[in-house]
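As a plain string of letters, each chain reads:
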Amino acid sequence: MTALFEMKGLTKNYWQTEKQTERAYLFSDLTATIESSERIALLGKSGQGKSTLLRMLALLDNADSGGMRFNGVEAKEMDTRVWRTKITYVAQQAVMLPGTIEENLKTVSNLHNETFNEKHARKLMKDVGLESIDWAKKATDLSGGEKQRVALVRSLLLAPSILLLDEVTASLDLQSKAYVENLLIKWSEVEKTAFIWVTHDLEQAKKVSERIWFMENGTLAVDCKAESFFEHQHSFSDSVTL
Ligand SMILES: Nc1ncnc2c1ncn2[C@@H]1O[C@H](COP(=O)(O)OP(=O)(O)OP(=O)(O)O)[C@@H](O)[C@H]1O
């Protein structure tokens, strides 16, 4: 059976401006396969290249070598915009487009010339705890945490196959964080969406993931079931102090 997603030998050299260390690359030869709607937490100390990898998977950054396939199709054979609707990146700092919340939510349907499913959007806004917000409000006036949740709903409206979540709850209070975690777990189960969630919060990783990718020294040092990772956490690196 064709895998949902494969990455093979992905390598990123340091940028020219980067202070050279003992190795020339940020990460090298990252290889992994996602068979179906798996929930993966991507862990690793600061500066290991987790965000760079996510951006690379969404074709927002180039690999120096290696390749990727989605449903058996090479990234370079697919239209970049189509790829990004299948494999969608949600940034740590949400960016709102000029205009109202409603206009932001409608970006996706407008892009695809489709009818906007308001009921679906309202349900998602409720799921992230934003049911009482006025959609006529200017999106750029929202708080950081509100912007993050609107951005997440906007991405979910694309119905991607793989969501790339870059510390998406870092700016949220505990209640909103729980809303988002629960929504994404449920969403993955119901819609059969995979996600790769970068987090420094081990409790969150334990709650949301079935599989762990752990980056260390420029490699994907660990790729295993979440249960096994947390059972043997002490034997990975320096106790995985993230
Ligand atoms: N566009 C760029 N130009 C130069 N250096 C960059 C660029 N993007 C990232 N880097 C460098 O690459 C390294 C990895 O950055 P990245 O943000 O991918 O790491 P990370 O593991 O996600 O870190 P954190 O956990 O702190 O978010 C860092 O040293 C960063 O300064």
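Residues numbered from 1 in each chain as written. Predicted model: local features only at pLDDT ≥ 70, side-chain atom pairs only at ≥ 80, totals over all residues. Heavy atoms only, no water.

A. Region of interest: the packing of aromatic side chains. Throughout the structure, instances matching the rule amount to 5 aromatic pairs. Arranged with centres 6.3 Å apart and planes meeting at 70°, the rings of Phe 70 and Trp 83 form a pair that is edge-to-face. In this pair, Phe 70 sits in strand E4 (residues 65-70) while Trp 83 sits in helix H2 (residues 80-86), placing the two residues 13 residues apart along the sequence. Given the relative accessible area of 0%, Trp 83 is considered buried. Each ring, one from Phe 214 and one from Phe 229, has its centre 6.1 Å from the other, and the planes form 55°; the classification is tilted. One end of the pair, Phe 214, is in strand E9 (residues 211-216); the other, Phe 229, is in helix H8 (residues 226-231), with 15 residues separating them in the sequence. Residues Phe 214 and Phe 229 agree in their burial class; the two are buried. Chaining the aromatic ring pairs together yields one cluster made of Phe 214, Phe 229 and Phe 230. (Phe/Tyr/Trp six-rings, centres within 6.5 Å; stacked < 30°, edge-to-face > 60°. Helix = DSSP H or I, 4+ residues; strand = E, 2+ residues; numbered from the N terminus. Buried < 20%, exposed > 50% of the residue type's maximum accessible area, 1.4 Å probe, protein only.)

B. Looking closely at the pairing of strand E3 (residues 39-44). Most of E3 sits out of view: 6 of its 6 residues are buried. In E3, alternate side chains face the same way, and those of Arg 39, Ala 41 and Leu 43 on one face and Ile 40, Leu 42 and Gly 44 on the other are all buried. Relative to strand E8 (residues 194-198), E3 runs parallel, the two being bridged by 4 bridges. Looking at E8, one finds that Arg 39 is bridged to Phe 195. Looking at chain direction, E3 and E9 are connected through 5 bridges and run parallel. By the bridge assignment for E9, Leu 42 is matched with Trp 213. (Pairing = 2+ DSSP bridges.)

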